[in-house]
Amino acid sequence: MAAELQPSAVTMDIVMGPVNGWDLLSSFKTDPRTTGIPVVLVTIIDQPSTGASLGADEYIVKPVNKATLLAAVQRCMNQRKTIGQPRPILVVEDDAPTREFISELLSKHGYLPATAADGAEARASVAASVPELVILDLILPKVSGFQLLAEWRTHTRTADLPIFVLTSKDLTLEEQDYIRTHAALLLQKQRPWQETLVAQLRRALPGVLSEKS
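Okay, so let's go over this structure. All figures in this text were calculated on a predicted structure; none of them were measured in a lab.

## What to know about the overall build of the chain
On a plain count of helices and strands, the chain comes out with 9 helices and 8 strands. Relative to a compact globule of 213 residues, whose C-alpha radius of gyration would be 17 Å, the chain shows 18 Å and is just as compact. By principal-axis analysis of the C-alpha atoms, the chain measures approximately 55 × 40 × 35 Å. Partitioning the intrachain contacts of the chain with sequence separation of at least 6 by distance along the chain shows that 60% fall at a separation of at least 24.

Here it is in structure tokens:
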């Protein structure tokens, strides 16, 4: 049906018969007729990394909130309009070598990075043009990452802006809870983070070409 109808998006469970969702998703993403159709996995199985590795565009764990589902479908539909184009991602990082490393990593995987060296610059950049996603440090000159996160979540224009926090700050449990509530991903610089970052970018911004030669 998907090959014939070419829908704008597909929502898919995993626990199904006679073909389970993992096999069906793999089939979707390897068949030239359906590979470009965004797939939203909606399931009780909490394995988003497996979904991302098989090409799922969004992953929602049941029970499903209506607004969350509709937002995921809308992101897929918006994404399909610009599939194959570089993704403008804002890297907010005050340490120049780290900022440069992240930018090179993004470029290597087909994304288009923009950078900000402090919180005020990041605020101005997002005010001028909302990026597809922000990679945000917390310890920043002028305006902290916490303050930016609070501001962006308060304004309707940026309330749904995907934000990945990448920080070396030793976070309290309360700070961790706050970030996990208001950001899509929390990564600590003290631990290996590059592969997780790229995997989650592919999940958040599907459709980008694989690593450049």
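## Quick notes on the packing of aromatic side chains
Across all of its chains, the model carries 2 aromatic pairs by this definition. Where phenylalanine 101 meets tryptophan 193, the ring centres are 6.0 Å apart and the plane angle is 85 degrees; that geometry is what we call edge-to-face. A residue pair is termed long-range when its members are at least 10 positions apart, and phenylalanine 101 in helix 5 (residues 96-108) and tryptophan 193 in the loop between strand 8 (185-188) and helix 9 (194-204) qualify at 92 residues. Of the residues examined, phenylalanine 101 reaches a relative accessible area of 36% and is grouped as partly exposed. Among the residues examined, tryptophan 193 registers a relative accessible area of 7% and is labelled buried. For the ring pair phenylalanine 146 and tyrosine 178, a centre distance of 6.4 Å and an interplane angle of 50 degrees mean the geometry is tilted. Of the two residues, phenylalanine 146 sits in helix 7 (residues 145-154) while tyrosine 178 sits in helix 8 (residues 173-182), which places them 32 residues apart along the sequence. Take tyrosine 178: its relative accessible area is 29%, and that puts it in the partly exposed class.

## Some words on the sheet that holds strand 8
Strand order across the open sheet formed by 5 strands is 5-4-6-7-8, with parallel pairing between neighbours. Both edges of this open sheet fall to strand 5 (112-116) and strand 8, since each of them pairs with a single strand only. Averaged over all pairs of adjacent strands, the angle between their axes in this sheet comes to 20 degrees, without regard to strand direction. Relative to strand 7 (residues 163-167), strand 6 (residues 133-136) runs parallel, the two sharing 3 bridges. Across the sheet, residue valine 134 finds its bridge partner in strand 7, namely isoleucine 163. Across the sheet, helix 7 touches strand 6 and strand 7, and the angle it forms with strand 6 is around 155 degrees. Across the sheet, helix 9 is in contact with strand 4 (88-92), strand 6, strand 7 and strand 8; its angle to strand 7 comes to roughly 170 degrees.

## Notes on the pairing of strand 7
Among the 5 residues in strand 7, 5 count as buried, and that is most of the element. Every second residue of strand 7 is oriented toward a common face, with Ile163, Val165 and Thr167 on one face and Phe164 and Leu166 on the other, all of them buried. One crossover worth recording links strand 6 to the parallel strand 7 by way of helix 7, and it is right-handed. Here strand 7 pairs with strand 8 via 4 bridges, running parallel.

Conventions used here
- Residues numbered from 1 in each chain as written.
- Predicted model: local features only at pLDDT ≥ 70, side-chain atom pairs only at ≥ 80, totals over all residues.
- Heavy atoms only, no water.
- Helix = DSSP H or I, 4+ residues; strand = E, 2+ residues; numbered from the N terminus.
- Rg over C-alpha atoms; globule rule 2.2 N^0.38 Å.
- Contact = heavy atoms within 4.5 Å.
- Phe/Tyr/Trp six-rings, centres within 6.5 Å; stacked < 30°, edge-to-face > 60°.
- Buried < 20%, exposed > 50% of the residue type's maximum accessible area, 1.4 Å probe, protein only.
- Pairing = 2+ DSSP bridges.
- Axes fitted to C-alpha atoms, helices over the stretch in contact; angles between N-to-C directions.
- Right-handed = clockwise from strand over helix to strand, strands pointing away.

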